[in-house]
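Structural description and commentary
Letter by letter, the chains look like this.
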Protein chains: 2
Amino acid sequence: MMYKIFYDLIKRNYSFLITSHIMPDGDSIGSVLALTLALCRLGKSVVPVIKDDIPKKYAFLPGVNKIKKSVSNQYDVAICLDCGDEERPGFEEGLRKYYLKSLVNIDHHKSNTLFGDINIVDSNASSVGEILYFIIKDMLPIDEDIASCLYTSIITDTGSIRHSNTTPKCLRVLADLVEKGASPNFISQKVFEKRSINALKLLRNCLDTLKITDDKIASLYITRDMMEKCGANEEDTDGIINYARGIEGVEIGVLFREIDERQVKVGFRSNDYVDVCKIAEKFGGGGHIRASGCTLENDLEGSIKLILETLRESL
Amino acid sequence: MMYKIFYDLIKRNYSFLITSHIMPDGDSIGSVLALTLALCRLGKSVVPVIKDDIPKKYAFLPGVNKIKKSVSNQYDVAICLDCGDEERPGFEEGLRKYYLKSLVNIDHHKSNTLFGDINIVDSNASSVGEILYFIIKDMLPIDEDIASCLYTSIITDTGSIRHSNTTPKCLRVLADLVEKGASPNFISQKVFEKRSINALKLLRNCLDTLKITDDKIASLYITRDMMEKCGANEEDTDGIINYARGIEGVEIGVLFREIDERQVKVGFRSNDYVDVCKIAEKFGGGGHIRASGCTLENDLEGSIKLILETLRESL
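Computed from a predicted model, the values in this text were never measured in an experiment.

Parameters at a glance
Residues numbered from 1 in each chain as written. Chains lettered and ligands numbered in written order. Predicted model: local features only at pLDDT ≥ 70, side-chain atom pairs only at ≥ 80, totals over all residues. Heavy atoms only, no water. Salt bridge = Lys/Arg side-chain N within 4 Å of Asp/Glu carboxyl O. Helix = DSSP H or I, 4+ residues; strand = E, 2+ residues; numbered from the N terminus. Buried < 20%, exposed > 50% of the residue type's maximum accessible area, 1.4 Å probe, protein only. Pairing = 2+ DSSP bridges. Contact = heavy atoms within 4.5 Å. Axes fitted to C-alpha atoms, helices over the stretch in contact; angles between N-to-C directions. Least-squares fit on C-alpha atoms with pLDDT ≥ 70 in both. Parallel < 35°, antiparallel > 145°, perpendicular 65-115°, else oblique. Left-handed = near helix turned anticlockwise from the far one by under 90°. Nonpolar A, V, L, I, M, F, W, Y, C, P; charged D, E, K, R; others polar. Polar contact = N/O pair within 3.5 Å; in protein donor to acceptor, adjacent residues only side chain to side chain. Domains from an automatic or database assignment. Arc of directions from axis to C-beta. Buried area = accessible area lost by both parts, 1.4 Å probe. Patch = residues over 30% accessible without salt bridge, like charges linked within 9 Å, V, L, I, M, F, W, Y side chains within 5 Å. Areas by Shrake-Rupley, 256 points an atom, 1.4 Å probe, with all protein chains shown as cover. Lys, Arg positive; Asp, Glu negative; His and termini not counted. Charge placed at Lys NZ, Arg CZ, Asp CG, Glu CD. Expected span 1.5 Å × (residues − 1). Phe/Tyr/Trp six-rings, centres within 6.5 Å; stacked < 30°, edge-to-face > 60°. Lys NZ or Arg CZ within 6 Å of the ring centre and 35° of its normal. Core = buried A, V, L, I, M, F, W, Y, C linked by side-chain atoms within 4.5 Å.

1. A closer look at the pattern of salt bridges
Scanning the model with the defined rule gives 34 salt bridges over all chains in all. Of the charged contacts, one joins Lys-229 of chain A and Asp-225 of chain A as a salt bridge, the two residues approaching to 3.4 Å between their closest N and O atoms. Here Lys-229 of chain A pairs with Asp-225 of chain A, and both are found in helix H8 (residues 224-230), just four residues apart, close to one helical turn. Taking relative accessible area as the criterion, Asp-225 of chain A reaches 42% and is therefore assigned partly exposed. We note a salt bridge from Arg-312 of chain B to Asp-214 of chain B, for which the minimum N-O separation is 2.7 Å. Linking Arg-312 of chain B in helix H11 (residues 300-314) with Asp-214 of chain B in the loop between strand E6 (211-213) and strand E7 (217-222), this pair joins segments that are 98 residues apart in sequence.

Below you can see the structure in the form of structure tokens.
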């Protein structure tokens, strides 16, 4: 039903703004590009906008250079992908300024506020890429470029089918996308294997800070000094927390990241039984049961002490 | 046709030896267990044998404790899984001593010597687990335990659908196995995320040895001393070579592992254009175009010098 309304909207309109959230990941970039390519194939005028830097590892995606960082014109329709609420794309004056008729909201977050005029929200979908697969294939044949974008969406949001959102349905979509030309090996090498030499240096230095508390809590930290010495950027810290969680016997992995003298970002991951969302919420953060985070207004040493005490109590 | 002969053989016989290769991986262990479980469900007497230690990370697999390290009795039929030739299971006096009637060879290696009385060899299959899925599902309903074993087989041999052997067919098999009860998240955490604290120490120390040659070759080494200081074992060296290959701009990743004063194992990985199989063959080793290895009778320093010179010439 929603799809039908969406298809009608596509048919009846000519110009589209397609956007997604700041700090974009594989799902937001892959789905913005897949839908952009699809609407272009249908002869529409489309501008894809993500108001933030695209991580280098996604530079291989077809059409990625066409993504703009800002928008000036007005369009008939704005389509917002992978955003739980209307603020996530980071348009300072709001999205409404940039479209004349309708706002479409396509997402898979449980917490979605249904902010669109049309809302296609499926929290059972692994990713927006999975939702778009079904939408696009009813509009036109999926070609290799679109398949590669959607494949990238799904494997990044499922962590290469390692996360609990991996379903038979999403595995069958991946199978179809490989049939349409997506290359699992090529895409995975780009998305998962490539690491800058600076990121590797940062990992090495960060592993030096490993501390095990009560056999169950593994913590790591990254100082501003380490970031600077390694020439590392935000993207280079990706995934380091999993080294803490992955240690045999450990229940909670935690990563402290010094932002400045009085601010520390904390990431939490748990394996089996500790609800780290509750812990993050205690400090004004949030997230999921097994993955959450918060920001403390404290120095690094104080933050580590405070959080480790709280985590010990949670065991 | 081969399947039909195999099914008849199962029907007509009672006792089975099921085995696979030494230094077992997820595919060998998963497929031995899946077929053992299936034949047990059919009321057969089955002994699974792998003549080597089972890596701890596979301890979660159903029935893993029933795998024996040696065999004394004779059985009607021996089934050899994931072995390119008859020597791979490591039975010193040969396999034939332990069965009365037939040897079945089920494998997916291109180089398979077709050593069995019945040979089911499909080099297009991602893994033996994928082949067994089609064999088992025609004999009995696949339950959660069998599904978990087969799922483990396929994701380990495809590197969680990252390798080039990932096909639409194997993705659809994975989808079916999840439907039968295999848990992608649980299994992936066990197989890919868990790492001993000693393995993490080894990784940290090994990253200290990183050397980039001509911008294209990234090399790492592990000494006996590092292994001892970290309390690390062979299993703990798994996957470290990928950190070298994964560095942006690098074509060849190489890992040197000192075995003793005059012996060094060398692993090669390449990304796009260097045939590292040819390089390994120069030194009496072998493997695949993008992944190979050899053993040198030389000290660590000499080995590094020799190999880096050879690699530079290959660029």
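2. Focus: the sheet that holds strand E6 (residues 211-213) of chain A
Residues and elements named next belong to chain A. Overall, mixed pairing links the six strands, which are arranged E6-E7-E8-E9-E11-E10 in an open sheet. Two strands bound the open sheet, and with one partner strand each, they are E6 and strand E10 (286-287). In this structure, strand E9 (residues 263-270) lies alongside strand E11 (residues 291-296), joined through six bridges in antiparallel fashion. Within E11, the residue paired with Arg-269 across the bridge is Ala-291. The strands touched by helix H7 (residues 197-207) are strand E7 (217-222) and strand E8 (252-260); relative to E7, the strand with the most contacts, the crossing angle is about 130 degrees.

3. A closer look at the relation of the copies chain B and chain A
Turning chain B through 180 degrees and shifting it by 0.0 Å along the axis lays it on chain A, with an RMSD of 0.1 Å. Such a combination of turn and shift is consistent with a two-fold rotation axis. Comparing contact sets, 100% of the residues at the interface of chain B also lie at the interface in chain A, consistent with an isologous, same-surface contact.

4. A word on the packing of helix H3 (residues 128-137) of chain A against helix H5 (residues 168-179) of chain A
The relative placement of two packed helices comes down to the angle between their axes together with the axis-to-axis distance. All names here are of chain A. Between H3 and H5, the shortest axis-to-axis distance is 10 Å and the interhelical angle comes to 60 degrees. The angle between the axes of H3 and H5 places the two elements in the oblique class. H5 is crossed by H3, and the crossing has left-handed handedness. Of the residues in H5, those touching H3 at Glu-130, Tyr-133 and Phe-134 are Lys-169, Cys-170, Val-173, Asp-176 and Leu-177. Within the contact of H3 with H5, the residues separate by chemical class into five nonpolar, no polar and three charged.

5. Topic: the side chain of Glu-258 of chain B
All names here are of chain B. One can find Glu-258 in strand E8 (residues 252-260). For Glu-258, a relative accessible area of 13% corresponds to the buried category. Among the polar contacts made by the side chain of Glu-258, one reaches the main-chain amide nitrogen of Arg-224 at a distance of 2.8 Å.

6. Side note on the domain arrangement of chain A
Examined at the domain level, chain A breaks down into domain 1 (2-193) and domain 2 (197-314). Inter-centroid distance (C-alpha atoms) of domain 1 of chain A to domain 2 of chain A is 30 Å.

7. A short note on helix H1 (residues 2-12) of chain B
Residues and elements named next belong to chain B. Within the span of H1, buried status applies to Phe-6, Tyr-7, Leu-9 and Ile-10. For H1, the buried positions fall inside an angular range of 160 degrees around the axis, keeping them on one side. Away from its buried face by more than 90 degrees, H1 exposes Lys-11 and Arg-12. Buried residues along H1 sit in contact with strand E1 (15-19), helix H2 (26-41), strand E3 (75-81), strand E4 (99-107), strand E5 (118-121) and helix H3 (128-137).

8. Digging into the sheet that holds strand E1 (residues 15-19) of chain A
All names here are of chain A. Reading across from one edge, E2-E1-E3-E4-E5 is the order of the five strands in this open sheet, with parallel pairing throughout. The open sheet is flanked by strand E2 (45-49) and strand E5 (118-121), the only strands paired with a single partner. For this sheet the average axis-to-axis angle between neighbouring strands, irrespective of direction, equals 20 degrees. In terms of strand pairing, strand E3 (residues 75-81) meets strand E4 (residues 99-107) through six bridges, oriented parallel. Bridge pairing in E4 links Ala-78 to Leu-103.

9. Some thoughts on the side chain of Thr-237 of chain B
All names here are of chain B. In this structure, Thr-237 sits in the loop between helix H8 (224-230) and helix H9 (241-245). Polar side-chain contacts of Thr-237 include one of 2.7 Å to the backbone oxygen of Glu-234. Once you skip the residues sitting within four places of it in the chain, Thr-237 turns out to touch Leu-202, Ile-222, Met-227 and Arg-257.

10. Let's talk about the interface of chain B and chain A
Contacts between chain B and chain A engage 42 residues on the former and 43 residues on the latter. Buried surface at the junction of chain B and chain A, summed over both partners, amounts to about 4,000 Å²; 54% is from carbon and sulfur atoms. Seen at the junction of chain B and chain A, the total is 10 salt bridges. In this structure, the salt-bridge partner of Arg-172 of chain A is Glu-179 of chain B, at a minimum N-O distance of 3.0 Å. There are 18 residue pairs in polar contact (both at pLDDT 80 or more) connecting chain B and chain A. Of all the elements in the fold, those that place two or more residues in the side of chain B that touches chain A are helix H4 (144-157), helix H5 (168-179), helix H6 (184-193), helix H7 (197-207) and H9 of chain B. Among the residues forming the side of chain B that touches chain A, the class breakdown is 19 nonpolar, 11 polar and 12 charged.

11. With respect to the environment of Ile-197 of chain B
Structurally, Ile-197 of chain B is set in helix H7. Along the primary structure Ile-197 of chain B and Gly-231 of chain B are separated by 34 residues, whereas in three dimensions their C-alpha atoms are 9.3 Å apart. If we ignore the near neighbours within four places in the chain, the residues touching Ile-197 of chain B are Leu-210, Ile-212 and Ile-247 of chain A.

12. Observations concerning a negative patch on the surface
A surface patch of like charges, here negative, comprises Asp-260, Glu-261, Glu-297, Asp-299 and Glu-301 of chain A. With respect to the helices and strands, Glu-261 of chain A occurs in the loop between E8 and E9.

13. What to know about H2 of chain B
Between its first and last C-alpha, H2 of chain B extends 22 Å over 16 residues, near the 22 Å set by a 1.5 Å rise per residue. The buried fraction of H2 of chain B is high, at 14 of 16 residues.

14. Things to note about the packing of aromatic side chains
Counted according to the given criterion, the structure contains 10 aromatic pairs over all chains. The residue whose ring lies beneath Lys-169 of chain A is Phe-134 of chain A, and the NZ or CZ to ring-centre distance is 4.9 Å.

15. A look at unusual backbone geometry
Residue and element names in this part refer to chain A. Positive phi, normally seen in glycine, also occurs at Ile-161, with a value near 55 degrees. Looking at the element boundaries, Ile-161 is found in the loop between helix H4 (144-157) and H5. Overall, the relative accessible area of 0% leaves Ile-161 in the buried class.

16. A closer look at the nonpolar core
Grouped together as the largest cluster of nonpolar side chains are 112 residues, with contacts concentrated most on Ile-79 and Ile-106 of chain A together with Ile-79 and Ile-106 of chain B. Aside from chain neighbours lying at most four places away, what touches Ile-79 of chain B is Phe-6, Ile-10, Phe-16, Leu-17, Ile-18, Thr-19, Leu-35, Leu-39, Val-104 and Ile-106 of chain B. In terms of nonpolar packing, the next biggest core, distinct from the first, is built from 38 residues, Ala-218 and Leu-220 of chain A together with Leu-203 and Ile-247 of chain B among them.

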